[in-house]
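A structural walkthrough
Listed below are the residues making up each chain.
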2 protein chains.
Amino acid sequence: MKLSIADLANVARGAAFLGTGGGGDPYIGRMLATSAIQEFGMPQIIEPHELDDDATVYTIAMLGAPTVLSEKGASGEDVDLAIKRIEQYMGKKADALIPIEIGGVNSMLPIMAAARQNLPLVNADGMGRAFPEIQMVTFNVYGVSCTPASITDEHLNSMVIETGSAKRAEDLVRVTSIEMGCSVIMSSYPLTGKQVKDYAVHGTLTMALEIGQAIERGRKEGEPVESLVNYLRTTPYYNQCKVIFDGKITDLRRETSEGFTQGHCLLSALDGSGKTLEVTFQNEFLIAKEDGVVRAIVPDLVCMVDRETAEPIPVDALKYGQRLKVLGVSAAPIMRTKESLAVFGPQAFGLDEEFVAIEDL
Amino acid sequence: MKLSIADLANVARGAAFLGTGGGGDPYIGRMLATSAIQEFGMPQIIEPHELDDDATVYTIAMLGAPTVLSEKGASGEDVDLAIKRIEQYMGKKADALIPIEIGGVNSMLPIMAAARQNLPLVNADGMGRAFPEIQMVTFNVYGVSCTPASITDEHLNSMVIETGSAKRAEDLVRVTSIEMGCSVIMSSYPLTGKQVKDYAVHGTLTMALEIGQAIERGRKEGEPVESLVNYLRTTPYYNQCKVIFDGKITDLRRETSEGFTQGHCLLSALDGSGKTLEVTFQNEFLIAKEDGVVRAIVPDLVCMVDRETAEPIPVDALKYGQRLKVLGVSAAPIMRTKESLAVFGPQAFGLDEEFVAIEDL
């Protein structure tokens, strides 16, 4: 896969869609990636199978409150330092970088980092979507240690942690990130090439780009949502997808608490049927229920797009009266295993409902 | 200097006195040190001048809420891990360990650590007393970097931080320690032998022991406070000392907030003169004012002892009606320089009063 600067707008749009309402606004990430590419050149994008089994692959991501991520951005030096610190601690130079989540801003930060570091970037990630906590990733499900993990801030303070569990790392990094100004750069889950091949969700950078392109194409053709759905049906993971609701927001409760944007919104059907859809979120959209019946549930993707332009709408941008189409989209098979559901299934978010795949709903 | 297990009770008592009300109860530290010595043998105690200038000397301390320190203790493995992590990060094995503060529990933890690690322990520390925050140490005043610093907990989670300032390290370690259960083991301010010689407060382990012995001797002779004062007058730092008040507690306000034990107590004179002394504390006693006039002020030591037994009374053990003698004691000269006062003089604790040496009050 080859990327151009012009492609970044579509990657960002696709990443916003896969961010299912969360993951941070990719716009600022796109600006950072663009400027890094202009200075250092476009990084090489490689496929997992191109990695040696014993290659050293580091993740790179922003972590914190999405609103702050968008405001603070990253200086570049903080990204470089996070990679340097994990390299020092591991005693191994990176052979490649990989996004930990393709959804939202963390699709873009690795492009920036790979450009600055002159390292190849792997076309894959650890979830094929976005999730709010660092233990919620396939690498953790399949036994890759979350730590050592390096954390840096814009003042170039740094930290390397080693913990007994990813959840413990999450707790520590969360308080640290708040103290560091609600947004930090982190490199966690140091991986081997073999682990990337076995546990990553492959090809997601390509899919983010192509989702963006499908929306753009659809706008020219006059049916952006249809174009998006048609494209998703051709993908290896997102092929089970449907528009589960077409409505407008009639109620919205959204609060920032415990470091997350939490709440729910209610949509009323535009077809006059009187049907309503309730969508609950914790950074990301987690569950959509039509008059009490589950229509889509995490880890499958619940996505909201503008009903006319198919622009993905993040939780932060939800507004009363907004007219949206809500999509349910299948997650990658590795995200739906029993082991994965134990880590980021509905119960991990405090939901009572069991996971049922979108194609069975 | 040679220590025996029997000496530890007196070192602990002297350390409690030098802790000026804070620093954590040395009792639990004494138990930990005793058990480590029984298992691994008594560590060698060396003087600063015995170190090579380029020797590698690491500090080791507990940090957190004093009440929790006393309850949680340290497993030993957490202490070993803190030293291992700083050694790994620095790429240098320790040649010796040194207490960062002689007051309170952190006089004892380095004895335990040195026994476990079979390393010499330096007869010196970074303040000759106790202080609540990690930037409040001569090493920081004279330009030694607080970081890299390693932090571990009893579950053997670990962290190594590097920050631009000791205050930044303090802020980060404080939130981390709360998340880690309000008590952690830390190795900060990695030192060279030369830095120990130049910036440490020398001989404080000996003085802690001898303070304890003076109190013990005084009890046999019937005048423990007098024995204590007589001994202090023979020391190189604590020689300016006086009993500034003899009274009983008539008012006590003590609260735990922002991670510290803060408040003040009021004493009424026992001689019927109607005089009162107000002592303000933040973990440690900071200032003693008699009817509004300063009698002793930080960084000089304000110490409270039982008026009959000279037992040092920590802030946590203050009680209404308690009969106490309050002592003002000179800090080491290196603690009273302009540079030192900028870091841990009265203003660093939010006090309005200027520092005036005890001998000038």
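Throughout this document, residue positions are counted from 1 along each chain, in the order its sequence is written. Whichever chain is written first becomes A and whichever ligand is written first becomes 1, with later ones labelled in order. Local features are withheld for residues below a pLDDT of 70 in this predicted model, meaning they are given only at 70 or higher, and side-chain atom pairs are given and counted only at 80 or more; totals for whole chains, interfaces and linings count all residues.

**Notes on helix α10 (residues 224-232) of chain B**
Residue and element names in this part refer to chain B. Filter applied, for reference: As a rule, residues whose C-beta atom has 12 or fewer other C-beta atoms within 10 Å are exposed, those with 20 or more are buried, and those in between are partly exposed; C-beta atoms are placed from the backbone. Secondary structure elements follow DSSP: runs of H or I no shorter than four residues count as helices, runs of E no shorter than two count as strands, and numbering proceeds from the N terminus. Here, residue contact means that the backbone-derived C-beta atoms of the two residues sit within 7 Å.
Counted residue by residue, α10 has seven buried out of nine residues, so it is predominantly covered. Those residues of α10 not exposed but buried are Pro-224, Val-225, Ser-227, Leu-228, Val-229, Tyr-231 and Leu-232. On its buried face, α10 is in contact with α9 (204-221), β12 (241-257), β17 (301-306) and β18 (323-329).

**Remarks on the nonpolar core**
Stated precisely, the cut-off is as follows: A set of buried residues qualifies as a nonpolar core if it consists of Ala, Val, Leu, Ile, Met, Phe, Trp, Tyr and Cys joined through C-beta atoms within 7 Å.
Leu-97 and Val-326 of chain A together with Leu-97 and Val-326 of chain B are the most contacted members of the largest nonpolar core, which has 252 residues in total. The residues contacting Val-326 of chain A, other than those within four sequence positions of it, are Ile-244, Phe-245, Leu-267, Leu-277, Val-279, Ala-288, Val-302 and Met-304 of chain A.

**Some points on the packing of helix α4 (residues 77-90) of chain A against helix α5 (residues 109-117) of chain A**
All names here are of chain A. Note the threshold: Only the stretch in contact is used when fitting a helix axis, every axis being a line fitted to C-alpha atoms; angles between N-to-C directions are given from 0 to 180 degrees. An angle below 35 degrees is treated as roughly parallel, one above 145 as roughly antiparallel, one from 65 to 115 as roughly perpendicular, and anything else as oblique. In this classification, the charged set is Asp, Glu, Lys and Arg, the nonpolar set is Ala, Val, Leu, Ile, Met, Phe, Trp, Tyr, Cys and Pro, and all remaining amino acids, among them Gly, are polar.
Where α4 meets α5, the axes come as close as 10 Å, and the angle between the chain directions of the two elements is 75°. Compared by their axis directions, α4 and α5 come out roughly perpendicular. Across from Val-79, Asp-80 and Ile-83 in α4, the residues of α5 making contact are Leu-109, Met-112, Ala-113, Arg-116 and Gln-117. In the contact of α4 with α5, the residues fall into five nonpolar, one polar and two charged.

**Describing unusual backbone geometry**
Residues and elements named next belong to chain A. Residue Val-298 is joined to Pro-299 through a cis peptide bond whose omega torsion reads 10°. One non-glycine residue, Tyr-189, lies in the positive phi region at around 50°. With respect to the helices and strands, the residue Tyr-189 is situated in the loop between β8 (183-187) and β9 (191-192). A positive phi angle, near 65°, is found at Asn-283, a position not held by glycine. Relative to the assigned elements, Asn-283 resides in the loop between β13 (276-282) and β14 (284-290). Judged by the 26 C-beta atoms lying within 10 Å of it, Asn-283 is buried.

**Side note on the relation of the copies chain B and chain A**
Applicable threshold: Fitting of the copies onto one another was done by least squares over C-alpha atoms, counting residues only where both copies have pLDDT of at least 70.
Structural alignment of chain B on chain A gives an RMSD of 0.0 Å, achieved by rotating through 180° and translating 0.0 Å along the axis. Such a combination of turn and shift is consistent with a two-fold rotation axis. No C-alpha of chain B lies nearer the rotation axis than that of Val-160 of chain B, which sits 2.5 Å from it. Here 100% of the contact residues of chain B are again contact residues in chain A; the copies associate through an equivalent surface.

**Notes on the sheet that holds strand β15 (residues 284-290) of chain B**
All names here are of chain B. So the rule is basically this: Only strands that DSSP links by at least two bridges are regarded as paired with each other.
Across the sheet, seven strands lie side by side as β16-β15-β14-β13-β12-β18-β17; this open sheet has antiparallel pairing. Looking at which strands have only one partner, the edges of the open sheet turn out to be β16 (293-297) and β17. The sheet shows a mean angle of 35° between the axes of neighbouring strands, taken without regard to direction. Where strand β14 (residues 276-282) and β15 come together, six bridges link them in antiparallel fashion. Note on β15: the bridge partner recorded for Thr-280 is Ile-287. Lying over the sheet, α10 contacts β12, β17 and β18, oriented at roughly 100° with respect to β12.

**A word on the domain arrangement of chain A**
Residue and element names in this part refer to chain A. In plain terms, the rule: Segment limits for the domains were obtained from an automatic or database-derived domain assignment.
For chain A, the assigned domains read domain 1 (5-202) and domain 2 (238-360). Centre-to-centre separation of domain 1 and domain 2, based on C-alpha positions: 25 Å. Of all the elements in the fold, those that place two or more residues in the side of domain 1 that touches domain 2 are α1 (8-18), α3 (66-72), α6 (138-141) and α7 (166-179). At four residues, the largest contribution of residues to the side of domain 1 that touches domain 2 is made by α1. Its residues placed into classes, the side of domain 1 that touches domain 2 shows 13 nonpolar, nine polar and four charged.

**Quick word on the pairing of β18 of chain B**
Residues and elements named next belong to chain B. For β18, the tally of buried residues reaches six of seven residues, placing the bulk of the element in the interior. As defined by bridge partners, β12 adjoins β18 across seven bridges and the pair is classed as antiparallel. What sits directly across from Phe-245, in β18, is Val-326. Across six bridges, β17 lies against β18 in antiparallel orientation.

**Notes on the interface of chain B and chain A**
Accessible area lost during the coming together of the parts is what is often quoted as the interface size. At the interface, 16 residues of chain B touch 16 residues of chain A. Of all the elements in the fold, those that place two or more residues in the side of chain B that touches chain A are β8 (158-162) and α7 (166-179) of chain B. Per-element tally for the side of chain B that touches chain A: the top contributor is α7 of chain B, with six residues. For the side of chain B that touches chain A, the per-class residue count stands at six nonpolar, six polar and four charged. Of the strand pairs in this sheet, strand β7 (residues 158-162) of chain A and β8 of chain B are connected by five bridges, and their pairing is antiparallel. In the sheet register, Met-159 of chain A faces β8 of chain B, and the bridge partner there is Ile-161 of chain B.

**Regarding the sheet that holds strand β16 (residues 301-306) of chain A**
Strand pairing in a sheet is mediated by backbone hydrogen bonds. Such pairs are either parallel or antiparallel. All names here are of chain A. Within the open sheet, the seven strands sit side by side as β15-β14-β13-β12-β11-β17-β16. Their pairing is antiparallel. Across the chains shown, the open sheet's two edge strands, defined by having one partner strand only, are β15 (293-297) and β16. Direction aside, neighbouring strands of the sheet carry axes that sit 35° apart on average. Bridge count for β14 against β15 is four bridges, and the pairing is antiparallel. Bridging across to β15, Lys-289 finds its partner in Val-294.

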